[in-house]
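# Chains, contacts and geometry: an overview
Residue-level listing of the chains:
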Amino acid sequence: MYLTITQRLRETLGAHIREKYGCEISITLERPPKLELGEAASPVCFELAKRLRKAPRQIAQEIAGSLPPIAGVARMEVAGGGYLNAFFDRRAFWENLRAENTGERGRVNGALGRVIVEHTSINPNKAAHIGHLRNAVLGDTMVRMLRHTGHEVAVQNYIDNTGVQVADVVITFREMEKKSLPEVKKLAGQPGFDYLCWDLYAKATQFFEEEKARAAKLRGETLKAIEEGEGEIAEMATVIADAIVSLHLRTMARLDIFYELLARESEILHLHFWDAAFEKLKASGAIQLSTSGKNAGCWIMPWGKEVKEAEEIQEVKESPTGALTSSADEDGQAKIIVRSNGTVTYVGKDIAYQLWKFGLLGKDFQYRKWPAPPDAKTVWATTTEKSDPGAPHFGEATAVYNVIDTRQAYLQEVVAEGLRALGHAREAENSIHFDYQIVALTPRCAAELGYEIAADEAKKAYVEVSGRKGHGVKADDLITKLEAAALAEVQPRHPEMPAKEQLATAHAIAAGALRFFLLKYTRNTIIAFDFKDALSFEGETGPYCQYAVVRIRAIRRKGVEAGAARAELTKESVDKFLGGVEGNGLWELVLDSGTLDYAVDAGIGAQEPAFVAKYAFQLAQGFNVFYHKHHILSETDEQKRAFLLGLTELVERQLVRALYLLGIEAPEKM
RNA sequence: GCGCCCGUAGCUCAGUUGGAUAGAGCGUCUGCCUUCUAAGCAGAGGGUCGGGAGUUCGAAUCUCCCCGGGCGCGCCA
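Residues numbered from 1 in each chain as written. Chains lettered and ligands numbered in written order. Predicted model: local features only at pLDDT ≥ 70, side-chain atom pairs only at ≥ 80, totals over all residues. Heavy atoms only, no water.

## Things to note about the overall build of chain A
Applicable threshold: A run of H or I in DSSP becomes a helix once it reaches four residues, and a run of E becomes a strand once it reaches two; helices and strands are each numbered from the N terminus. For a compact globule the rule gives 2.2 Å times the number of residues to the power 0.38, and the radius of gyration it is set against comes from C-alpha atoms. Relative accessibility decides the category of a residue: with a 1.4 Å probe and only protein chains considered, values under 20% of the type maximum give buried, values over 50% give exposed, and everything between is partly exposed. Using a 1.4 Å probe, the Shrake-Rupley method yields the accessible areas, and only the shown protein chains count as cover for residues.
Check the secondary structure of chain A and you find 27 helices and 17 strands. Against the 2.2 N^0.38 benchmark of 26 Å for 670 residues, chain A shows a C-alpha radius of gyration of 29 Å, consistent with a compact globule. Principal-axis analysis of the C-alpha atoms places the extent of chain A at approximately 85 × 70 × 60 Å. Taking all 670 residues of chain A together, the buried fraction comes to 55%. Surface exposure of chain A reaches about 29500 Å², of which carbon and sulfur atoms provide 51%.

So, in structure tokens, the structure goes:
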């Protein structure tokens, strides 16, 4: 609602200034610091003053006096040195907001069209940890926000099932644990397999450090076998990766995170996605065969400062083979795409995958349903077998969000540059690296978990999570711990509640606490994880927001029990309760309720789910203040009680909506 | 060496892209449960926005220079 009115205000103001003064100016709007200054304000006259060589206040007065009426805006005032302040029509806002049942669905901002969001993408060789959760929760929340604003979104989870990390676990099973394929199959079917692999992977890291030569040889052989996809080694890798993926899906389902497609690297390999991309890259000259220098024999993509030079050289020396005969790559940071032994690097595969996402590769996967998905929600996976005829159409997006931590920024740039070099500038532009900072452990937390920390690390503010070392807070452990803590709060409060409901409530609180904890920080803040903060249910937390909803629902239940008749609210009453300075308190809560669209819009624009988390918290806070100030059910003035109840319902609806966007469920009681 | 990011209250962080008196949570102290759930509310205290210079009507926000910290730059992914 707020966004609707401010957009109208922006347009009208812009058009009016264009007409009146003949200048094109972008209208900045802000929320004034105090309600007495209105609901929206523009400092545009300060900027205008420079161009028109007139006092800003005078301009503001001219505009305020001549601006055509705007629906939803009661009046404009001039304040300070030249602010233009808009005062909303409070009753209209209230009525329109209450009538707005559909939320913001259907309203598409921009022309994004079909969107792919890739998130989670955990190496399928060990249990998920807290860092993976940040990725998944950020991605999932962004998906919810995009869908809320009417975008068609497909969620994809990339499965690197043929990589080094899976190979390392295979090696550990075979060489160190001396396990046969049937034995591994058996283990993979047992609970806790992801935890077992977590420990094994840490062991492998040790082995690789201690016996470098032997390890390197084994890794090479294992990788090759996995890539070729045949034989016992390959089968063991498949068994491990598939089992771990299923466990990851279950972990994420605990936080209400689901996927449409599991895109597996094995299919990118076996369906020859890279070959197709390679031909395109060669043909366009985007990559070149280096014939001299340290990269001799590699296909490289010029990078950094060299891009320009290389392009110039390209123009002069169009070589039919694509071979770069100059020495431009000799000293530079040219990115290697194909190694001198003919194998493709990760970036190369990623370019192929990215091309597919935009429908630019000229190839498609085959699809099958993933077996036994959590909550019986269909998940599709890529396959080399015949495609399931019921599979939906994947790919061909107009925008792609890749949720990957910020350390990979450079590689993501290379991928985008690859698209650009192929002449897909728009797709390169719409390849959004949705980057975020890592989750680290506070030194105290690392100590609590019993990790040995090197002396230089102990001095730092935080300790990096390391899958290789086996250092990290496992996702399932954390969720379980939170559930236990929440249950300990629920039980004494609701001894009458059936055990099953107590558990469900505790789960909702645990998941809410965790998701909110991961979302309240903006993306580029390193989260220094500590159990004390993550386990908190007070203050700026998910449970605080859930609690506000629970309070509202308690009021409604009690109201129904009391059987009190609800008076029909008159226009005069609404004007009275929201009007003037006395109405400011209630009006502010109405206004905050109606600001969700604005928060979501800003959140999508800045790619910051944290904006929605902040919104939910502030609305909950506003409600709690209201709750203490007004006792609703004992209100004797019927009109007032009807109004307070209406407002309560409004807050509930908006807060539940905001929480839904954050992937947080509001329980009935807690 | 080159590139990117960060430094805001005791601690952890916001500050919606340059706007009005810099905000919140935690922690500390003081109050508030016989009324709709105290996972709450009210109040107090706490700031040279790392430092300096500049840009302009206006800077936590933009530019430059320092100081302090983090990350990236591989024929790994």
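## A word on the nonpolar core
What counts, and what does not: What we call a nonpolar core is a set of buried Ala, Val, Leu, Ile, Met, Phe, Trp, Tyr and Cys residues that are connected through their side-chain atoms within 4.5 Å. Only heavy atoms matter for contacts: two residues are in contact if any of them lie within 4.5 Å across the pair.
Ranked by internal contacts, the top residues of the largest apolar core, which has 136 residues, are Ile17, Ile63, Phe529 and Leu647. Apart from the residues lying within four places of it in its own chain, the contact partners of phenylalanine 529 are Ile130, Val439, Ala440, Leu441, Thr442, Cys445, Val473, Leu478, Phe517 and Ala534.

## Examining the domain arrangement of chain A
Rules: Domain extents, as shown, originate in an automatic or database domain assignment. Here the quantity called buried area is the accessible surface, traced with a 1.4 Å probe, that two parts lose on coming together, added over both. Definition used for salt bridges: Asp or Glu carboxyl oxygen within 4 Å of a side-chain nitrogen of Lys or Arg. Here a polar contact means two N or O atoms within 3.5 Å. Within protein one must be a hydrogen donor candidate and the other an acceptor candidate, and residues neighboring in sequence count only if both atoms are side-chain atoms. Residues were grouped as follows: Ala, Val, Leu, Ile, Met, Phe, Trp, Tyr, Cys and Pro as nonpolar; Asp, Glu, Lys and Arg as charged; and all remaining residues, including Gly, as polar.
Here chain A is partitioned into domain 1 (2-88), domain 2 (115-156 + 258-439), domain 3 (164-254), domain 4 (441-535) and domain 5 (542-661). Each partner contributes residues to the interface: domain 2 has 20 residues there, and domain 3 has 22 residues. Carbon and sulfur atoms make up 71% of the area that domain 2 and domain 3 hide from each other, which totals about 1900 Å². On inspection of domain 2 and its partner domain 3, the count reaches one salt bridge. Across the pair arginine 264 and aspartate 242 runs a salt bridge whose closest N-O atoms are separated by 3.2 Å. On the surface where domain 2 and domain 3 come into contact, there are seven residue pairs in polar contact (both at pLDDT 80 or more). Residue assignment for the side of domain 2 that touches domain 3 shows that the elements contributing at least two residues are helix H5 (130-148), strand S6 (261-264) and helix H11 (265-270). Considered class by class, the residues forming the side of domain 2 that touches domain 3 number twelve nonpolar, six polar and two charged.

## Quick notes on the sheet that holds strand S3 (residues 83-88)
Adjacent strands of a sheet pair through backbone hydrogen bonds, lying either parallel or antiparallel. Heads up, the condition is: Strand pairing is assigned whenever DSSP identifies at least 2 bridges connecting the two strands. In this analysis, axes come from line fits to C-alpha atoms, helices being fitted only over the stretch in contact, and the angle between any two N-to-C directions falls in the range 0 to 180 degrees.
Spatially, three strands are ordered S1-S3-S2 in an open sheet, and the strand pairing comes out antiparallel. One side of each edge strand has no neighbouring strand; the edge strands of this open sheet are strand S1 (40-42) and strand S2 (73-79). Within the sheet, the average angular offset between the axes of one strand and its neighbour, ignoring direction, is 25°. Where helix H1 (residues 2-21) meets the sheet, its contacts fall on S1, S2 and S3, and the angle it forms with S3 comes to roughly 140°.

## Details of the protein's contact with RNA strand B
Filter applied, for reference: Consider each residue's heavy atoms; a residue with any of them within 4 Å of a molecule or strand counts as near.
Taken together, 61 residues sit near RNA strand B, with Tyr83, Arg339, Thr522, Thr525 and Tyr547 positioned nearest. Atoms of RNA strand B within 4 Å of the protein belong to the sugar or the phosphate in 61% of instances, the rest to bases. One nitrogen or oxygen atom from the side chain of lysine 558 is found 3.2 Å from a phosphate oxygen belonging to RNA strand B. Backbone polar atom of histidine 630 to a base nitrogen of RNA strand B: 2.7 Å apart, as the coordinates give it. For the surface near RNA strand B, the element with the highest residue contribution is helix H26 (residues 609-629), accounting for eight residues.

## Here we look at the packing of helix H6 (residues 164-176) against helix H10 (residues 232-253)
Axes are the key here: two packed helices are described by the angle between their axes and the distance separating the axes. The cut-off we apply is this: Geometric relationships in this document are graded by angle, where less than 35 degrees denotes roughly parallel, more than 145 denotes roughly antiparallel, 65 to 115 denotes roughly perpendicular, and other angles denote oblique. Left-handed is the label given to a crossing in which the near helix is rotated counterclockwise from the far helix by less than a right angle, and right-handed is the label when the rotation is clockwise.
Contact pair H6 / H10: the axes reach a minimum separation of 10 Å and the direction vectors enclose 110°. By the angle between their axes, H6 is roughly perpendicular relative to H10. Handedness of the crossing formed by H6 with H10: right-handed. Touching Val166, Val169, Val170, Phe173 and Arg174 of H6 are Glu232, Ile233, Met236, Ala237 and Ile240, all from H10.

## Things to note about H5
Quick note on the threshold: A helix is expected to span 1.5 Å for every residue after the first.
The end-to-end C-alpha separation of H5 is 27 Å, in line with the 27 Å expected for 19 residues at 1.5 Å each. Counting buried residues along H5, 18 of its 19 residues qualify, which places the element largely inside the surrounding structure. With its phi angle positive at about 95°, glycine 150 sits one or two positions after the end of H5.

## Observations concerning the side chain of serine 593
In this structure, serine 593 sits in helix H24 (residues 584-593). Assessed through its relative accessible area of 0%, serine 593 is described here as buried. Residues in contact with serine 593, not counting those within four places in the same chain, are Leu97, Tyr615, Leu619, Leu650, Val651 and Gln654.

## Some words on the environment of leucine 138
Locating leucine 138 in the fold gives a position in helix H5. Under the relative-accessibility criterion, leucine 138 is labelled buried at 2%. Distance from leucine 138 to proline 68, taken between C-alpha atoms, is 42 Å for residues 70 residues apart in sequence. Every residue in contact with leucine 138, bar those within four places of it in the chain, is listed here: Phe434, Tyr436, Leu519, Arg523 and Pro609.

## Observations concerning unusual backbone geometry
One non-glycine residue, threonine 120, adopts positive backbone phi at about 75°. In this structure, threonine 120 sits in the loop between strand S4 (114-118) and H5. Positive phi outside glycine occurs at glutamate 396, with the angle close to 55°. In this structure, glutamate 396 sits in the loop between strand S12 (380-383) and strand S13 (399-405). Judged by relative accessible area, which is 47%, glutamate 396 ranks as partly exposed.

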